[in-house]
Amino acid sequence: QVQLVESGGGLVQAGGSLRLSCAASERTFSSYVMGWFRQAPGKEREFVAAVSWRGILYYANSVKGRFTISRDNAKNTVYLQMNSLKPEDTAVYYCAARMGGSIFSAYDYDYWGQGTQVTVSS
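Scope of this entry: the structure provided in the associated data block. (Residues numbered from 1 in each chain as written. Predicted model: local features only at pLDDT ≥ 70, side-chain atom pairs only at ≥ 80, totals over all residues. Heavy atoms only, no water.)

### Re the nonpolar core
Test applied: As used in this record, nonpolar core signifies buried Ala, Val, Leu, Ile, Met, Phe, Trp, Tyr and Cys residues forming a set joined through side-chain atoms within 4.5 Å. Buried residues are those whose accessible area, probed at 1.4 Å on protein chains only, stays under 20% of the maximum for their type, while exposed residues exceed 50% and partly exposed ones sit between those limits. Per the convention used, a helix needs a DSSP run of H or I reaching at least four residues, while a strand needs a run of E reaching at least two, with both numbered from the N terminus.
Leu4, Met34, Trp36, Val78, Leu80, Met82 and Tyr93 are the most contacted members of the largest nonpolar core, which has 38 residues in total. Elements with a contribution of two residues or more to this core: β3 (18-24), β4 (33-39), β5 (46-51), β7 (67-72), β8 (77-82), β9 (91-98) and β11 (116-121).

As structure tokens, then:
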């Protein structure tokens, strides 16, 4: 069982930055694809970014060029650097881990964190 704990959310003005962190309990962390998803009120959970065990990066078009995902396997941690934040980025952000399946589908992720709120004011 992999436990994921997110941190770093908060309230920021439009144009500002936040960095989310997700610490994993699993010693085989480096074998997992790690992803970030978000869910706004009344909307479905959507893919934001992912990084494979080999370090290949994937981004949703809506965040490409503004968000950067990275991982530190020595620390069992994945990060999401969010710059140029917009009010439409407001959501609960979830960290997730998977071994197989689609990079982009929430249904293929096996483990989830509790989520961290990001609120961007205009």
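### Brief notes about the environment of Ser122
Convention followed: Contacts are assigned to residue pairs that have any heavy atoms within 4.5 Å of one another.
Considering the arrangement of structural elements, one finds Ser122 in the segment after β11. In this structure, the C-alpha to C-alpha distance between Ser122 and Asn61, residues 61 residues apart in sequence, is 21 Å. Every residue in contact with Ser122, bar those within four places of it in the chain, is listed here: Ala14 and Pro87.

### Here we look at the pairing of β7
Formally: Pairing between strands is defined by DSSP: at least two bridges between the two strands are required.
On β7, burial follows the alternation: Phe67, Ile69 and Arg71 on one face are buried, whereas Thr68, Ser70 and Asp72 on the facing-out side are not. Turn length for the β7-β8 hairpin, with the two strands adjacent in sequence and antiparallel, is 4 residues, and the turn residue Asn76 shows positive phi of about 55°.

### Points about the pairing of β8
Most of β8 is tucked away: 5 of the 6 residues are buried. With 6 bridges connecting them, β3 and β8 associate as antiparallel partners. The residue bridging Cys22 from the neighbouring strand is Val78, located in β8. Here β7 runs beside β8; their pairing, made up of 6 bridges, is antiparallel. Residue pairing across strands places Ile69 opposite Leu80, the latter belonging to β8.

### A closer look at the sheet that holds β3
Defined as follows: Note on method: axes are straight lines fitted to C-alpha atoms, helices fitted across the in-contact stretch only, with angles between N-to-C directions ranging 0 to 180 degrees.
Across the sheet, 4 strands lie side by side as β1-β3-β8-β7; this open sheet has antiparallel pairing. Each of the sheet's edge strands pairs with one partner strand only, and the pair in question is β1 (4-7) and β7. Direction aside, the axes of adjacent strands within the sheet are offset by 15° on average.

### Describing the packing of aromatic side chains
Note the following rule: Ring pairs shown here join Phe, Tyr and Trp side chains whose ring centres sit within 6.5 Å, with only the six-membered ring taken for Trp; geometry is labelled stacked below 30 degrees between planes, edge-to-face above 60, and tilted in between. We count a charge as sitting over a ring when the NZ of a lysine or the CZ of an arginine lies within 6 Å of the ring centre and within 35 degrees of the ring normal.
According to the stated counting rule, one finds 8 aromatic pairs in the structure shown. Ring centres 6.2 Å apart and planes at 75° place the aromatic pair Tyr32 and Tyr111 in the edge-to-face group. Of this pair, Tyr32 sits in the loop between β3 and β4 while Tyr111 sits in strand β10 (residues 111-112); the two residues are 79 residues apart in sequence, bridging distant segments of the chain. A network of ring pairs unites the aromatic residues Phe37, Phe47, Tyr58, Tyr94, Phe104, Tyr109 and Trp112 as a single cluster. The side chain of Arg45 reaches across the aromatic face of Trp112, ending 4.8 Å from its centre.

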